[in-house]
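If you want the building blocks of each chain, they are given just below.
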Amino acid sequence: MSYIRGTSSLFRGRRTGSQWSWSTSWSRSWSSSGLVASDGSSAGLVLLSQSTDAHHNLALEDWIDANVDLQQRGVLLLWRNRPAVVIGRHQNPWTECNLPAMRGMGIPLARRRSGGGTVFHDLGNLNLTFFASKRSYDRQRNLKVVTEALRRVRPGLDVRATDRLDILLNGHLKISGSASRLSRKSSYHHCTLLHSADHSALSAVLRPSCPGIHSNATPSVPSPVANLLDHAPTLQWEELLDGLVQQYNAEFGSSSSLTPVDPADESTFPGIGKAATELRSWDWTFGKTPKFSVRTPLQLMDSGSTARCSARLHIEVKSGLIESCELDVPADWLPPRLSVELTDLLVGERFCPHRAVAGVATLLRAEGGEVQRRLNNLCDAVLSVMG
């Protein structure tokens, strides 16, 4: 597989025809006057984010949805991210992704405001967000833009949208998945498009990090995936972008050119920095996880001998915080008071190993010898369950 990390030319938008004014006053007037070109015409708009930060791009989506008048025209936003895992609004990150592996690889986690499943983003994955009024919300029409654009640039590609709003290559290989969000008057529908994503990284991070979770959170549906570059080796980014812009214009009757935007620019997008900070926060990323429980066995071993023991752990988690914790450890392995002290220490804490480490260290310092070794083994086993 050829993995394209992306070049600066991807962000070099060509402005032809009407030029768009990006003054602060113009951007702030979007919600009241709509998108108006300098020649006075109204039209759709195709934007290309110059950021590769997942949280900035997700904040830009929310900003456009909240501030742009979408009643008379649509907007298409094209964006890519550095490696990141993005989960849906109602998902559980501990069941969707391998948090320890992500930390080791320096890959951040982001929770978007739309529903749908978990996706791995990198610079080989193009994201498309279609903004429209709620009345004009039509996901199949949006996916038609993508499939027709692909046929435009590579007529030999067998690409089709499914009833599940995925796009399949050759009838079974997924190259695009969808999610959406409906507001009172507006909507946005976003989809991925795998051009040259890193399959090995995708496989490493999209697997559960915590066993034994019971939850009503929305689960992802695993599918075999493929890169466009595997089946169209000469397909370049510029060619793909041009095809998408042309097809969007043809489908929605506009004449937009690609307009680069910087989602970190507060003068154009007032308040976007605060929105990105909220999306980065632990309270949003993990704290918005639907209530869940963990019931799992723990295999314990005394590092100073060959002694082994089986224990059981039951944790209830709400808003990312441990509501209750029960440990069933045989009394001949560890004094029951220590199991109780450990569970008391965890209740009220975040379901996160880093937050519990300090308290666990204090508990361990109070013991010694064989008891300390076994308690340390138990603590390690419990913390590992938290990812």
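Residues numbered from 1 in each chain as written. Predicted model: local features only at pLDDT ≥ 70, side-chain atom pairs only at ≥ 80, totals over all residues. Heavy atoms only, no water.

**Section: the overall build of the chain**
Right, on to step 1. Of the regular secondary structure elements, the chain holds 14 helices and 16 strands.
Right, on to step 2. Residues classed as buried in the chain amount to 52% of the 387 residues present.
Right, on to step 3. In the chain, of all internal contacts separated by at least 6 residues, the share reaching a separation of at least 24 is 74%.
Right, on to step 4. Of the accessible surface of the chain, which amounts to about 16800 Å², a share of 49% is contributed by carbon and sulfur atoms. (Helix = DSSP H or I, 4+ residues; strand = E, 2+ residues; numbered from the N terminus. Buried < 20%, exposed > 50% of the residue type's maximum accessible area, 1.4 Å probe, protein only. Contact = heavy atoms within 4.5 Å. Areas by Shrake-Rupley, 256 points an atom, 1.4 Å probe, with all protein chains shown as cover.)

**Some thoughts on the pattern of salt bridges**
Between side chains of opposite charge, a pair can form as their charged atoms come close.
Right, on to step 1. The final tally for this structure, using the stated rule, is 17 salt bridges.
Right, on to step 2. For arginine 181, the salt bridge is made with aspartate 65, and the minimal N-O distance between the two is 3.5 Å. Of this pair, arginine 181 sits in strand S10 (residues 178-182) while aspartate 65 is found in helix H3 (residues 54-67), placing the two residues 116 residues apart along the sequence.
Right, on to step 3. Its relative accessible area of 29% is what places arginine 181 among the partly exposed residues.
Right, on to step 4. Given the relative accessible area of 10%, aspartate 65 is considered buried.
Right, on to step 5. The closest approach of N and O atoms between glutamate 278 and arginine 113, which form a salt bridge, is 3.3 Å. Of this pair, glutamate 278 sits in helix H10 (residues 272-280) while arginine 113 is found in the loop between strand S4 (109-111) and strand S5 (119-121), placing the two residues 165 residues apart along the sequence. (Salt bridge = Lys/Arg side-chain N within 4 Å of Asp/Glu carboxyl O.)

**Some details on the packing of aromatic side chains**
Right, on to step 1. This structure, assessed with the given rule, holds 9 aromatic pairs.
Right, on to step 2. Seen in terms of ring centroids, phenylalanine 130 and tyrosine 248 are 6.3 Å apart; in terms of plane orientation they differ by 40°. Their pairing is tilted. Of this pair, phenylalanine 130 sits in strand S6 (residues 125-133) while tyrosine 248 is found in helix H9 (residues 237-252), placing the two residues 118 residues apart along the sequence. With respect to class, phenylalanine 130 is no different from tyrosine 248; both count as buried. (Phe/Tyr/Trp six-rings, centres within 6.5 Å; stacked < 30°, edge-to-face > 60°.)

**Details of the sheet that holds strand S2 (residues 75-79)**
Right, on to step 1. Read from one edge of the open sheet, 6 strands run S10-S11-S6-S2-S1-S13, paired in mixed fashion. Each having just a single partner strand, S10 and strand S13 (258-261) make up the two edges of the open sheet. Adjacent strand axes in the sheet meet at a mean angle of 20°, parallel and antiparallel pairs treated alike.
Right, on to step 2. Here 4 bridges tie strand S1 (residues 45-49) to S13, and the two strands are oriented parallel to one another. When the bridges of S13 are listed, leucine 48 appears paired with proline 260.
Right, on to step 3. Each of S6, S10 and strand S11 (186-194) touches helix H6 (residues 139-153); the most contacted strand, S11, lies at about 30° to it.
Right, on to step 4. The strands touched by H9 within the sheet are S1, S2, S6, S11 and S13, with S6 carrying the most contacts at an inclination of about 15°. (Pairing = 2+ DSSP bridges. Axes fitted to C-alpha atoms, helices over the stretch in contact; angles between N-to-C directions.)

**Section: the pairing of strand S14 (residues 292-301)**
Right, on to step 1. Relative to S14, strand S12 (residues 213-215) is paired through 3 bridges, and the arrangement is antiparallel. Bridge pairing in S14 links serine 215 to phenylalanine 292.
Right, on to step 2. Two elements, S14 and strand S15 (residues 308-318), share 10 bridges in a ladder whose sense is antiparallel. What sits directly across from phenylalanine 292, in S15, is valine 317.

**As for helix H14 (residues 369-385)**
Right, on to step 1. With 17 residues, H14 extends 25 Å between its outermost C-alpha atoms, agreeing within 8% with the 24 Å of an ideal straight helix rising 1.5 Å per residue.
Right, on to step 2. For H14, every residue scored as buried is listed here: Arg374, Leu375, Asn377, Leu378, Cys379, Ala381, Val382, Leu383 and Val385.
Right, on to step 3. Where the residues of H14 are buried, they touch S14, S15, strand S16 (321-328), helix H12 (336-346) and helix H13 (353-365). (Expected span 1.5 Å × (residues − 1).)

**Some words on the packing of H12 against H13**
For any two helices packed against each other, one specifies the crossing angle of their axes together with the interaxial distance.
Right, on to step 1. Interaxial distance between H12 and H13 falls to 10 Å at its minimum, and their mutual angle equals 155°. If you check the angle between H12 and H13, you find them roughly antiparallel. Crossing handedness for the pair H12 and H13: right-handed. Residues Glu341, Leu342, Leu345 and Leu346 of H12 lie in contact with H13, whose contacting residues are Ala356, Gly359, Val360 and Leu363.
Right, on to step 2. For the contact of H12 with H13, the residue count by class is 6 nonpolar, 1 polar and 1 charged. (Parallel < 35°, antiparallel > 145°, perpendicular 65-115°, else oblique. Left-handed = near helix turned anticlockwise from the far one by under 90°. Nonpolar A, V, L, I, M, F, W, Y, C, P; charged D, E, K, R; others polar.)

**Topic: the environment of leucine 193**
Right, on to step 1. Mapped onto the elements of the fold, leucine 193 is located in strand S11.
Right, on to step 2. According to the relative accessible area criterion, leucine 193 is buried, its value standing at 0%.
Right, on to step 3. Expressed as a C-alpha distance, the spacing of leucine 193 and leucine 128, which sit 65 residues apart in the sequence, is 7.8 Å.
Right, on to step 4. If near-sequence neighbours (up to four positions away) are discounted, leucine 193 is found in contact with Gly124, Asn125, Leu126, Leu128, Val146, Leu150, Ile175, Ser176, Leu228 and Leu240.

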